[in-house]
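So you can see what is in the structure, the chains are spelled out below.
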Amino acid sequence: MTPKQKNALSPSMMATRKFTSLLLALSLATASQALAQYPERPVTMIVPFPPGGVADTVARPVADAMSKALGKSVVIENKGGAGGAIGIGASAHAKPDGYTILLSLSSISILPEADKILGRTPAYRLDQFKPIARITADPTVLVVRADAPWKSAKEFIEAARKDPKGITYGSSGLYGTMHVPMEILSQAAGISLSHIPYTGAGPAVAGLLGNHVQALATGPASIVQQVKAGKVRALAHWGDKPIASMPDVPSLKSLGHDATFIQWSGVFVPADTPAEVTETLKTSLDKLAADPAFAKTIGNTGSPLDYLPAQAFAQYWKQDAKGIAATVQKMGKIE
């Protein structure tokens, strides 16, 4: 048999190869078409906290607007617990097909660091996520009941110094975005408070209104209506500029305390989500951010739109996560 004959394919082998190539081409074409048609069914937006908190308050108008932009429903699933770790962890391990997205607060950066300090295996890693857009970025606000004896942050801090552990405050959970700022204030002002963790900002606000705790540090969106209704009093905030919905509330920095903390909200997908899908999500949110009506809707929640597109958000998140990690390490082990 000549070399040429040895290398020759039989008719049946040639037919099999052609058939395999055709199947591969059809498979790639079908996959490409499926991505091009994304989304073909409703999208689930996981919010890792119960209803009523900042994340939930921001997520609802975002989901409504995205539903119109994508042409398919974006359905919110509140998956609270463990300061947000349960919902964020579920999002990290979701199928990376674009049908499960996450709207999280800056606690996404806090919890893995806290787990390390507590000697636990983190529920997720930051590199399991791909950032799509930042929606809001607000300083947390120190609030007390309207009938509380403290009319200012100065009076609150002085009372805490006189009675260590005597003042209780609620939070969304250990090392969450309502716990960390209060620890920052405690360290900056030299005070000691009693921490009462809840399952989310909504239940914590209910705890304050029900007089089960005496103070909170929370985002403007979850408390502004109670402030306007005269049910609670805002004493100070953790930012470096006035809050649009509470312009008369002073910053802790202006009162002489080195205490800053920004509670932002952002949209994420699992890291392995196809580029075609993430581009669709990015484009939809970029268009929404340029719409004055959407900005007004978000502003009505008490947290004005402070939008960052994907690339800028990724850079911001990287730097913010470094600062948060340092803060959590300084806090140390708290149980």
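The shown structure was predicted, so the numbers you read here are calculated from the model rather than taken from an experiment. (Residues numbered from 1 in each chain as written. Predicted model: local features only at pLDDT ≥ 70, side-chain atom pairs only at ≥ 80, totals over all residues. Heavy atoms only, no water.)

## Topic: the confidence of the model for the chain
Parts of the prediction with low pLDDT should not have their coordinates interpreted in detail. Note the threshold: Across the chain, each position has a pLDDT score giving the predictor's confidence in that residue, from 0 to 100. Whether two residues are in contact is decided by their heavy atoms, any of which lying within 4.5 Å being enough.
In the predicted model, the chain carries a mean pLDDT of 90, and the fraction of residues at 70 or more is 89%. Within the model, the stretch residues 3-7 combines pLDDT values under 50 with 1 contact to residues more than four positions away or in other chains.

## Details of the pairing of strand E6 (residues 168-171)
For clarity, the cut-off: Exposure classes here rest on a 1.4 Å probe applied to the protein chains alone. A residue is buried below 20% of its type maximum, exposed above 50%, and partly exposed in between. Strands here mean DSSP runs of E at least two residues long; helices mean DSSP runs of H or I at least four residues long; both are numbered from the N terminus. At least two DSSP bridges between two strands are required for those strands to pair. With strands facing away from the observer, any crossover in which the path from the first strand over the helix to the second runs clockwise is taken as right-handed.
Taking every second residue as pointing to the same face, both faces of E6 are buried, with Thr168 and Gly170 on one and Tyr169 and Ser171 on the other. In the sheet, E6 pairs with strand E7 (residues 194-197) via 4 bridges, with the strands oriented parallel. Bridging from a neighbouring strand, Ser171 pairs with Pro197 of E7. Read as a crossover between parallel neighbours, the route from E6 over helix H7 (residues 180-189) to E7 is right-handed.

## As for the sheet that holds strand E1 (residues 43-47)
The criterion, for reference: Fitted lines through C-alpha atoms give the axes, limited to the stretch in contact for helices. The angle between two N-to-C directions lies from 0 to 180 degrees.
Ordered in space as E2-E1-E3-E10-E4-E11, the 6 strands form an open sheet in which the pairing is mixed. Whereas interior strands pair on both sides, the edge strands pair on one side only; in this sheet they are strand E2 (74-78) and strand E11 (305-309). On average, each strand axis in the sheet is tilted by 20° relative to the strand beside it, whichever way the strands run. Summarising the sheet, E1 and strand E3 (residues 100-105) pair through 3 bridges and their orientation is parallel.

## Some points on the side chain of Thr136
The condition that has to hold: Polar contacts here mean pairs of N or O atoms no more than 3.5 Å apart (in protein, one a potential hydrogen donor and the other a potential acceptor; neighbouring residues in sequence count only if both atoms are side-chain atoms).
Looking at where Thr136 falls in the secondary structure, it is placed in strand E4 (residues 129-139). Taking relative accessible area as the criterion, Thr136 reaches 1% and is therefore assigned buried. A distance of 2.6 Å separates a polar atom in the side chain of Thr136 from a polar atom in the side chain of Ser265. Not counting residues up to four positions away in its chain, the partners in contact with Thr136 are Val58, Trp264, Ser265, Ile298, Ser303, Pro304 and Asp306.

## Examining the pairing of strand E10 (residues 262-270)
Most of E10 is tucked away, with 8 of its 9 residues classed as buried. Sheet topology places E3 next to E10; 4 bridges connect them, and they run antiparallel. In the sheet register, Leu103 faces E10, and the bridge partner there is Val267. The sheet contact formed by E4 and E10 spans 9 bridges and is antiparallel. Residue pairing in the sheet places Lys130 in a bridge with Val269 of E10.

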